[in-house]
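# Residue-level structure breakdown
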Amino acid sequence: MIYASGQEFRSAAQKRVLMFGMSGLGKTYLANMLRDAGQAGAGAWFHYSVDYRIGTRYMNEFIADNFKREAMKVPLLRELLMTDSVYIASNITFNNLAPLSTYLGKPGDPGRGGIAFEEYQRRQAQHAQAEISAMLDVPRFVERAGNIYGYHNFICDTSGSICEVVDAENPDDPVMKALADSQLLVWIKGSDAHKAELARRFDRSPKPMYYRPEFLIALWAEYLAQQGQSATEVDPDAFLRFGYARLLEHRQPRYAAMARWGITVTAEDVTQVKTPADFDDMIAAALDHTKIAP
């Protein structure tokens, strides 16, 4: 780890932290709080959002082209597009990633907003490669944040699917090595109660998710067999709800493996953090309670 103790973290001229865990446990809350606490300079934090980087750098063209395909179905918009009279682009922000989610999509009945399973797999593969690329950019953005913008501290707000695209059990995994060499990796661990609440939220508003390919294929086959449906009959939201609880369980040991490269805090700890000083206290306490190999 890049910090050997809580005191070393507190006194560091540059604090560099990467938060990971399930979406909804506080990664973006912490990043927004730190970013908004001050302007560039001593004590200020640069916020690097992996999802934002994915959507604006690595999948931006895929997203825009999807919009254009839909627009080409409308005669007026088709004419305007063919004459370069209109410009179509996504407007992704740190707190609104809807264009990325919409592109990732949901498999199932096209009449209910679904896409063909093969297309869904293709987009999943695009997302996996984009996520890996966005994470490998982290060390370079640490330098950019300081050299160009004057930020001394750096927080990386990762996607909930980070554990699906790395092999934390492999000490030579290139993404894990790149991240651990430049960041303090921090797992926000949720309790069973948190997992139940995340499932309730998801049930109210299912959203596209990323799955490891082999997990997705098995899940899809199980759902089709259970429902006795063809791929084009599937209710896309029903499939996402079906898979979410399994995804929570599937990801837990993968997050735990990542946590061995860093430290762990709890979602309850995160709720107590209101200021940058509180954040420093939380991280320092977790470092002091972690047995760090010499």
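Before any of the text, the structure's been laid out above.
Residues numbered from 1 in each chain as written. Predicted model: local features only at pLDDT ≥ 70, side-chain atom pairs only at ≥ 80, totals over all residues. Heavy atoms only, no water.

### Looking at the environment of Pro206
For Pro206, the location among the structural elements is in the loop between helix H10 (192–204) and helix H11 (213–227). Take Pro206: its relative accessible area is 13%, and that puts it in the buried class. The spacing of Pro206 and Arg241 is 35 residues in sequence and 6.5 Å in space, taken between C-alpha atoms. If near-sequence neighbours (up to four positions away) are discounted, Pro206 is found in contact with Lys106, Asp237, Leu240 and Arg241. (Helix = DSSP H or I, 4+ residues; strand = E, 2+ residues; numbered from the N terminus. Buried < 20%, exposed > 50% of the residue type's maximum accessible area, 1.4 Å probe, protein only. Contact = heavy atoms within 4.5 Å.)

### Some details on the sheet that holds strand S4 (residues 184–189)
In space, the five strands of this open sheet follow the order S2-S3-S1-S4-S5, with parallel pairing throughout. Edge strands, defined here as strands with exactly one partner in the open sheet, are strand S2 (45–49) and strand S5 (263–266). Along the sheet, successive strands turn relative to each other by an average axial angle of 25°, direction set aside. In this structure, S4 lies alongside S5, joined through four bridges in parallel fashion. What sits directly across from Lys189, in S5, is Thr266. Strand contacts of helix H8 (residues 138–147): strand S1 (16–20), S2 and strand S3 (153–157), with the helix running at about 145° to S3, the strand carrying the most contacts. (Pairing = 2+ DSSP bridges. Axes fitted to C-alpha atoms, helices over the stretch in contact; angles between N-to-C directions.)

### A few points about the packing of aromatic side chains
Applying the stated criterion to the full structure yields 17 aromatic pairs. Aromatic pair Phe46 and Tyr149: ring centres 6.2 Å apart, planes at 20°, arrangement stacked. One end of the pair, Phe46, is in strand S2; the other, Tyr149, is in the loop between H8 and S3, with 103 residues separating them in the sequence. Look at Phe46 and you get buried, because its relative accessible area is 15%. Measuring from ring centre to ring centre gives 4.9 Å for Trp220 and Phe239, while their planes differ by 85°; the resulting arrangement is edge-to-face. With a gap of 19 residues between them, Trp220 in helix H11 and Phe239 in helix H12 (residues 236–259) connect regions that are remote in the sequence. The ring of Phe9 carries Lys15 above its face, with NZ or CZ at 5.6 Å from the centroid. Positioned above the aromatic ring of Tyr103 is the side chain of Arg123, whose terminal nitrogen or guanidinium carbon lies 4.5 Å from the ring centre. (Phe/Tyr/Trp six-rings, centres within 6.5 Å; stacked < 30°, edge-to-face > 60°. Lys NZ or Arg CZ within 6 Å of the ring centre and 35° of its normal.)

### With respect to helix H9 (residues 174–182)
Side chains of residues three or four places apart in an α-helix project in the same direction, reflecting 3.6 residues per turn. Turning to H9, its buried residues are Val175, Met176, Ala178, Leu179, Ala180 and Ser182. As for H9, its buried residues are in contact with S1, helix H7 (117–136), H8, S4 and H12. The residue sitting at the N-terminus of H9 and contributing the capping side-chain oxygen is Asp173; that oxygen lies 3.2 Å from the backbone nitrogen of Val175. (Polar contact = N/O pair within 3.5 Å; in protein donor to acceptor, adjacent residues only side chain to side chain.)

### Details of helix H14 (residues 276–288)
An ideal rise of 1.5 Å per residue puts 18 Å on 13 residues; H14 measures up with 18 Å between its terminal C-alpha atoms. Looking only at H14, the buried set comprises Phe279, Asp280, Met282, Ile283, Ala284, Ala286 and Leu287. (Expected span 1.5 Å × (residues − 1).)

### Considerations on the state of the cysteines
The bond known as a disulfide is covalent and runs between the sulfur atoms of two cysteines. Following the criterion strictly, the structure yields zero disulfides and no others. Cys163 provides the cysteine sulfur closest to Cys156, a residue in no disulfide bond, and the two sulfurs are 14 Å apart. Judged by its relative accessible area of 0%, Cys156 falls in the buried class. You can call Cys163 buried: its relative accessible area is 1%. (Disulfide = S-S within 2.5 Å.)

### Notes on the pattern of salt bridges
Taken as a whole and judged by the stated rule, the model has 21 salt bridges. Taking the shortest distance from any N to any O, the salt bridge between Arg254 and Glu164 comes out at 4.0 Å. One end of the pair, Arg254, is in helix H12; the other, Glu164, is in the loop between S3 and H9, and 90 residues separate them in sequence. Between Lys195 and Asp192 there is a salt bridge; the shortest N-O distance is 3.4 Å. Linking Lys195 with Asp192, this pair stays in helix H10, spanning three residues, or about one helical turn. Here the salt bridges do not stand alone but share partners, grouping Arg53, Asp137 and Arg140 into one network. (Salt bridge = Lys/Arg side-chain N within 4 Å of Asp/Glu carboxyl O.)

### Some details on unusual backbone geometry
Positive phi values are uncommon outside glycine, yet Asp84 reaches one of about 55°. The topology assignment puts Asp84 in the loop between helix H5 (75–82) and helix H6 (98–104).

### Focus: the environment of Ile115
Its location among the elements puts Ile115 in the loop between H6 and H7. On the basis of relative accessibility, which here comes to 17%, the residue Ile115 falls in the buried class. For the pair Ile115 and Gly105, spaced 10 residues apart in sequence, the C-alpha separation works out to 6.9 Å.

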